[in-house]
Amino acid sequence: MREKIIHLNPSQLLVVTFLFSILLGTFMLKMPISTKTEISWLDALFTATSAMTVTGLVVVDTSQTFTIFGQIVILLLIQLGGLGIMSFAILIFIVLGKKIGMKERIVIQHALNQTSLGGVIQLVKYLFLFSFVIEFLGMIILSFRWVPQFGLEKGVYYSFFHAISAFNNAGFSVWSDSLMQFVGDPVVNLMISFLFIIGGLGFTVLADIWRNRSFQKLSLHTRLMLIGTISLNLCAMFFFFIVEYYNHKTLGSLPLLDKLWASYFQAVTTRTAGFNSLDIASMEESTIFLMIILMFIGAGSASTGGGIKLTTAIVITFSIAAFLRGRTEIQVGKRSISVEIIMRALVITMMSMISIILAVFILNLFEKHSFLEILFEAVSAFGTVGLSMGITGSLTSIGKVVIILLMFIGKVGPLTLLFTLSKPQQPKIRYPNEDVLTG
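Everything in this summary refers to the structure shown in the same document.

Cut-off values and rules
Residues numbered from 1 in each chain as written. Predicted model: local features only at pLDDT ≥ 70, side-chain atom pairs only at ≥ 80, totals over all residues. Heavy atoms only, no water. Helix = DSSP H or I, 4+ residues; strand = E, 2+ residues; numbered from the N terminus. Buried < 20%, exposed > 50% of the residue type's maximum accessible area, 1.4 Å probe, protein only. Polar contact = N/O pair within 3.5 Å; in protein donor to acceptor, adjacent residues only side chain to side chain. Contact = heavy atoms within 4.5 Å. Core = buried A, V, L, I, M, F, W, Y, C linked by side-chain atoms within 4.5 Å. Phe/Tyr/Trp six-rings, centres within 6.5 Å; stacked < 30°, edge-to-face > 60°. Lys NZ or Arg CZ within 6 Å of the ring centre and 35° of its normal. Salt bridge = Lys/Arg side-chain N within 4 Å of Asp/Glu carboxyl O. Axes fitted to C-alpha atoms, helices over the stretch in contact; angles between N-to-C directions. Parallel < 35°, antiparallel > 145°, perpendicular 65-115°, else oblique. Nonpolar A, V, L, I, M, F, W, Y, C, P; charged D, E, K, R; others polar. Expected span 1.5 Å × (residues − 1).

**Description of the side chain of T312**
Okay, so step 1: By the element assignment, T312 lies in helix α15 (residues 310–324).
Okay, so step 2: Taking the relative accessible area as the measure of exposure, T312 reaches 8% and is therefore buried.
Okay, so step 3: One polar contact links the side chain of T312 to the main-chain carbonyl oxygen of I308, over a distance of 2.8 Å.
Okay, so step 4: Not counting residues within four places of it along the chain, the set of residues in contact with T312 comprises A345, I348 and T349.

**A closer look at the nonpolar core**
Okay, so step 1: Formed by 118 residues in total, the largest nonpolar core has its most connected members in I78, I192, F376 and I403.
Okay, so step 2: Those residues in contact with I78 that sit more than four places away from it in its chain are A51, V54, I164, S165, N168, A170 and F172.

**So, the packing of aromatic side chains**
Okay, so step 1: Enumeration according to the criterion identifies 15 aromatic pairs in this entry.
Okay, so step 2: Here W146 and F182 contribute two aromatic rings whose centre-to-centre distance is 5.5 Å and whose plane-to-plane angle is 50°, an arrangement assigned as tilted. A residue pair is termed long-range when its members are at least 10 positions apart, and W146 in helix α8 (residues 120–150) and F182 in the loop between α9 (152–167) and α10 (186–201) qualify at 36 residues.
Okay, so step 3: Here the aromatic residues W146, F150, Y157, Y158, F161, W175 and F182 are joined through ring pairs into a cluster of three or more.
Okay, so step 4: Against the face of Y245 rests K259, its NZ or CZ located 4.9 Å from the ring centre.

**What about the pattern of salt bridges?**
Side chains carrying opposite charge are able to pair once their charged atoms draw close together.
Okay, so step 1: Counted by the stated rule, this structure contains 3 salt bridges.
Okay, so step 2: Here E38 and K30 are joined by a salt bridge, their closest N and O atoms 3.8 Å apart.
Okay, so step 3: For E38, a relative accessible area of 73% puts it in the exposed group.
Okay, so step 4: When the shortest N-O distance is used, the salt bridge between K400 and D43 registers 2.8 Å. Note that K400 is positioned in helix α18 (residues 397–412) and D43 in helix α3 (residues 41–52), a separation of 357 residues in sequence. Residues K400 and D43 agree in their burial class; the two are buried.

**Observations concerning the side chain of N169**
Okay, so step 1: Mapped onto the elements of the fold, N169 is located in the loop between α9 and α10.
Okay, so step 2: For N169, a relative accessible area of 2% translates into the label buried.
Okay, so step 3: Here F196 takes part through its backbone oxygen, which lies 3.1 Å from a polar atom of the side chain of N169.
Okay, so step 4: Setting aside chain neighbours within four positions, we find N169 in contact with V54, T55, F196, G199, G200, T272, A273, T304, G305 and T384.

**Examining unusual backbone geometry**
Okay, so step 1: The backbone phi angle of S178 is positive, close to 60°, even though this residue is not glycine.
Okay, so step 2: Tracing the backbone shows S178 in the loop between α9 and α10.

**Re the packing of α3 against helix α5 (residues 68–83)**
Okay, so step 1: With their axes 7 Å apart at the nearest point, α3 and α5 run at an angle of 40° to one another. When the axis of α3 is compared with that of α5, the two are oblique. In this structure, α3 uses T47, A48, A51 and M52 to contact α5, whose residues at the interface are I74, L77, I78, L80 and G81.
Okay, so step 2: Partitioning the contact of α3 with α5 into residue classes produces 7 nonpolar, 2 polar and no charged.

**Observations concerning the environment of Q71**
Okay, so step 1: Locating Q71 in the fold gives a position in helix α5.
Okay, so step 2: When the C-alpha atoms of Q71 and V174 are compared, they prove to be 8.7 Å apart, with 103 residues separating the residues in sequence.
Okay, so step 3: For Q71, the residues in contact, after removing those within four places along its chain, are T62, S63, F66, Y157, F161 and V174.

**Overview of helix α16 (residues 339–366)**
Within an α-helix, residues lying three or four positions from one another point in the same direction, as the helix has 3.6 residues per turn.
Okay, so step 1: With 28 residues, α16 extends 41 Å from end C-alpha to end C-alpha; this agrees with the ideal 40 Å at 1.5 Å per step.
Okay, so step 2: Among the residues making up α16, those that are buried are I342, A345, I348, T349, S352, S355, I356, A359, V360 and L363.

What follows is the structure, given as structure tokens:
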């Protein structure tokens, strides 16, 4: 067995390790000590997958179903899934003072979606430093808000739970209505959104900002992520505010300041965080459609979030713009983007769309919900977002399995799964070109 594991390529090792962690989490959540009421193996598997993929979709109420022990298991799975199993393995190597070989570096390179081996171990160190410090500060600030309301024990625990869940973009909450009771609370809105935005930027971006304090010195990836994140969030917030302003089931009944807080929070959480301060099912269809687009785009590479990734969407957008201008080279910020990156972005997007289309087709065959509800659920699962129009708990067994697979594919990535089945090879023979009519 050991020899077989050694011969696994990095993509296969990541997938196998991820599957093993989900199965272990399923077993732990099925234990009597983890639950207040008995749950099925499928529901335990669904919850473990949702936590490990930092999605946040739930088929059972977290606080009503799971004991404190069960909730801690969920938090451990969230932390493992958010920061990466292989990152923890490298941390153990560092603590024990063991030499980190080329194989381990290649695996962590694949896990963190890096283009080169250089600096991956340093990136892991930054990853844990930033994560634990930010989560701790988030817990402290939330404690100042929730300890006076819920008491010391519950207040600190709620703060601890939501700080980890938010930073890892998991969307799990100890309240059945997520954060709807805090729709106009500035402390909760700012702190929770700060945690999942920082987590969604990506550890490569955080490390780059830490090393280079000047915007001009930042890498192209970091600059694109920062500008793209701010632009997308502001546009989404404006759209939410305008479209939902007179909807009495969402913003309509709220004071103006609460309208602004709710618009801001729901705009930024849609990218991959999964928390909600408004009832998703009561929103206008145009708002829901925008949320589907935002969930599909997702967060940043090497982040705790999912989706095709913001930089992937940006690369495709610039590719279209360059084609329309008749340019053969894509230039951004006095830098050119290679054909390999463009091809990778196109493949990721197409494979993601194919995964969602197949899932929606199967779900429509077996589920009795509307097409929009099913599409929303599927994109939320693939983007590891965790938002729902309220149909997750009523899914059939087949529907739950489909969503489990979507969450898994969305987290490990369609390309990683493809590389587990086949090894990319450069062709040894080149053939002459011939035109093919398109369009």
